Amino acid sequence: MKRKDYNQLVQTAAPKSKMLLNFCKAFLVGGLICTLGQALFELYQRGGADEESAKIITSVTLIAISAVLTALSLYDKLAKFGGGGTLVPITGFANAVVAPALDNKPEGKILGTGVQMFSIAGPVIVYGVLATNIYGLIYYILKLCKVM
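Caption draft 1: Region of the structure containing the overall build of the chain. When you go through the chain residue by residue, the secondary structure sums to 7 helices and 0 strands. The order of helices and strands in the chain, counted from the N terminus, is α-α-α-α-α-α-α. Per-residue burial for the chain yields a buried fraction of 22% across its 148 residues. Counting contacts in the chain only where the partners sit at least 6 residues apart, residues at least 24 apart contribute 48% of the total. Of the accessible surface of the chain, which amounts to about 11000 Å², a share of 69% is contributed by carbon and sulfur atoms.

Caption draft 2: Structural view of the packing of aromatic side chains. The final tally for this structure, using the stated rule, is 1 aromatic pair. Here Tyr135 and Tyr139 contribute two aromatic rings whose centre-to-centre distance is 6.2 Å and whose plane-to-plane angle is 20°, an arrangement assigned as stacked. With Tyr135 and Tyr139 both in helix H7 (residues 123-144), this residue pair falls 4 residues apart, about one helical turn. A relative accessible area of 34% means that Tyr139 is categorised as partly exposed.

Caption draft 3: Broad picture of the packing of helix H2 (residues 19-46) against helix H3 (residues 51-71). Interaxial distance between H2 and H3 falls to 9 Å at its minimum, and their mutual angle equals 135°. By the angle class used here, H2 and H3 are oblique. Crossing geometry of H2 relative to H3 is assigned as right-handed. Contact with H2, carried on its side by Leu36, Gly37, Leu40, Phe41, Tyr44 and Gln45, involves Glu51, Ala54, Lys55, Ile57, Thr58, Thr61, Leu62 and Ile65 of H3 and no other residues of that element.

Caption draft 4: View of the side chain of Thr58. Summarising the element assignment, Thr58 is placed in helix H3. Polar contacts involving the side chain of Thr58 include one to the main-chain carbonyl oxygen of Ala54, which spans 2.6 Å.

Caption draft 5: Seen up close, a nonpolar patch on the surface. A contiguous nonpolar surface patch, about 420 Å² in accessible area, is contributed by Tyr127, Leu130, Ile134 and Ile138. Along the chain, Leu130 turns up in helix H7. Here Leu130 falls in the partly exposed class, since its relative accessible area comes to 45%.

Cut-offs and rules
Residues numbered from 1 in each chain as written. Predicted model: local features only at pLDDT ≥ 70, side-chain atom pairs only at ≥ 80, totals over all residues. Heavy atoms only, no water. Helix = DSSP H or I, 4+ residues; strand = E, 2+ residues; numbered from the N terminus. Buried < 20%, exposed > 50% of the residue type's maximum accessible area, 1.4 Å probe, protein only. Contact = heavy atoms within 4.5 Å. Areas by Shrake-Rupley, 256 points an atom, 1.4 Å probe, with all protein chains shown as cover. Phe/Tyr/Trp six-rings, centres within 6.5 Å; stacked < 30°, edge-to-face > 60°. Axes fitted to C-alpha atoms, helices over the stretch in contact; angles between N-to-C directions. Parallel < 35°, antiparallel > 145°, perpendicular 65-115°, else oblique. Left-handed = near helix turned anticlockwise from the far one by under 90°. Polar contact = N/O pair within 3.5 Å; in protein donor to acceptor, adjacent residues only side chain to side chain. Patch = residues over 30% accessible without salt bridge, like charges linked within 9 Å, V, L, I, M, F, W, Y side chains within 5 Å. Salt bridge = Lys/Arg side-chain N within 4 Å of Asp/Glu carboxyl O.

Following this line, the structure appears as structure tokens:
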């Protein structure tokens, strides 16, 4: 079979690309996640939280919503529809941590959930969280000692 014939065969057999539709769905879902985040931020500020606190509470709320949606197997459905739009960093992070933890739950809390929790999110996240906690503890101790 000649190359030209093969390419023609592939073009006729391959499914038509829905790239524009996929882009639109990703934009819609990602935009809705970001809009939800902004709405929560505004809601928390109107409720009396200062800007910094509202940012933190918004992040925690988005993580919690993503974790619950993952546990209910709804985040996967959203990801199938919205594709890359669900990779908005904070919600994608929550899904990447919760999904393997739930998948490996039958193996036990330590060897299943605990060990596999960060298999998708990666060791970098584990070390990042650990470093953040150590930094926060050192900062807190220095503040107590009035060094800073």
